[in-house]
Amino acid sequence: MRECDVLVIGCGPAGLSAAQYAARAGYRVLAADALAPGGQLLYIDEIENYPGTEKMSGYALAEALEKQAVSFGVEIGFMEIASIEKDGDAFIAHSADEDIAAKAIIYAAGARHRHLGCQGEEEYQGKGVSYCATCDGPFFRGKDVVVVGGGDTALTDALYLSKICSSVTLVHRRMEFRGQKVLSDRVRARENIRLELGRNVVSVNGNGRNVTSVTLDDGRMIEASALFVFVGIIPNTEAIDGLVELSGGFVVTDGSMRTSVPGIFAAGDVRTTPFRQVVTAAGDGALAAHAADSYIQGLNG
Ligand SMILES: Cc1cc2nc3c(=O)[nH]c(=O)nc-3n(C[C@H](O)[C@H](O)[C@H](O)COP(=O)(O)OP(=O)(O)OC[C@H]3O[C@@H](n4cnc5c(N)ncnc54)[C@H](O)[C@@H]3O)c2cc1C
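All of the points below concern the structure found in this document. (Residues numbered from 1 in each chain as written. Predicted model: local features only at pLDDT ≥ 70, side-chain atom pairs only at ≥ 80, totals over all residues. Heavy atoms only, no water.)

Here we take up helix H2 (residues 58-71). If you check H2, its first and last C-alpha atoms are 20 Å apart, about what 14 residues at 1.5 Å a residue would give, namely 20 Å. A positive phi of about 105° marks Gly 73, the residue just after H2. (Helix = DSSP H or I, 4+ residues; strand = E, 2+ residues; numbered from the N terminus. Expected span 1.5 Å × (residues − 1).)

Within the secondary structure, Val 202 is located in strand E12 (residues 201-206). Measuring from C-alpha to C-alpha, the distance between Val 202 and Thr 215 comes to 5.7 Å, with 13 residues separating the pair along the chain. Not counting residues up to four positions away in its chain, the partners in contact with Val 202 are Cys 118, Gln 119, Thr 215, Leu 216 and Asp 217. (Contact = heavy atoms within 4.5 Å.)

Turning our eyes to something else, we now look at the nonpolar core. Core analysis: the biggest nonpolar cluster contains 58 residues, and Leu 7, Val 29, Ile 81, Ile 84 and Ile 106 have the highest contact counts within it. Sorting elements by how many residues they give to this core places helix H6 (residues 278-299) first, with 9 residues. Apart from residues no more than four positions distant in its own chain, Ile 84 is found in contact with Ile 9, Phe 91, Ile 92, Ala 93, Ile 105, Tyr 107, Ala 239, Ile 240 and Leu 243. The next biggest cluster of nonpolar side chains, apart from the first, holds 21 residues, and it includes Ala 133, Val 145, Leu 197 and Ala 226. (Core = buried A, V, L, I, M, F, W, Y, C linked by side-chain atoms within 4.5 Å. Buried < 20%, exposed > 50% of the residue type's maximum accessible area, 1.4 Å probe, protein only.)

Quick look at the packing of helix H1 (residues 13-24) against H2 now. At a minimum axis separation of 9 Å, H1 and H2 run at an interaxial angle of 25°. Looking at the two axes, H1 sits roughly parallel to H2. Our pair here, H1 against H2, has a crossing hand that is left-handed. Contact residues: H1 offers Pro 13, Leu 16 and Gln 20, while H2 offers Ala 62, Leu 65, Glu 66, Gln 68 and Ala 69. (Axes fitted to C-alpha atoms, helices over the stretch in contact; angles between N-to-C directions. Parallel < 35°, antiparallel > 145°, perpendicular 65-115°, else oblique. Left-handed = near helix turned anticlockwise from the far one by under 90°.)

Right, dumping it as structure tokens:
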């Protein structure tokens, strides 16, 4: 069985930051990822809000984070962790090919956005179809955009976009919003937000390079440069479900990234957090590594 001090599960910005901090503090760190290191960064065409960097591709930032972690001695393992069990003071993580023993676990498996599944959605992802207003809204300054969803995120982000974009058409499949009343009141009062209630988006249309319009299920076409989809986010908690406390599917942590199980820490999009961004994920990773360090020192007496 492979052994390490800290097993980091997930090599997105949270995991790579945690791994880097833990390795730099002198621990043997294995950072495991089911896919390529980088996580959601690999889907970001251009990132311009990571502090201190010029506008760059998500791929380039992922490479830089991985290189930095490896330079401090982090070992990257290409494996999907299926489950974790407690074994005395240690943890055993299981993947299809091998078991790994670790003194502490940092769980940074991220999350994925629920998609609409409509025609054109995948083709135009990164070319106008977006799942993050903070990330992509500024690219559509002064343009007409469509937002889909009826929860707090859709309402908050429609309000945010209405300050940047020329107009926002908010499409929701029900006649009432699920989100807080105070938010829906603000949305209804905002002059440049138009509501399409009881409607669904059936296709995103474009010219091959950019989104140009969106078609509703009554056949009408709305001209728009972007479609923002806020119909839910699914945390990747399969490997940890039943072991630590979850809330709404997300891992519950305290401010130091400690979960309900001593020795297991969580960081980034997978945990309950009000803001899911690269910078917050990286910050979480640093905090989790710091807390794991204190925990392991406690074990050593
Ligand atoms: C299209 C798009 C554009 C975005 N634009 C921006 C932006 O401009 N600015 C910004 O700040 N943020 C942006 N974001 C959000 C940002 O990418 C995320 O908030 C951030 O990547 C979260 O980092 P994370 O490390 O928590 O999780 P993730 O990046 O999701 O990484 C999690 C990793 O864990 C791995 N994993 C999952 N389960 C397992 C398992 N069981 N075993 C092993 N590995 C596992 C996954 O393969 C993945 O590599 C964007 C997101 C998307 C999708």
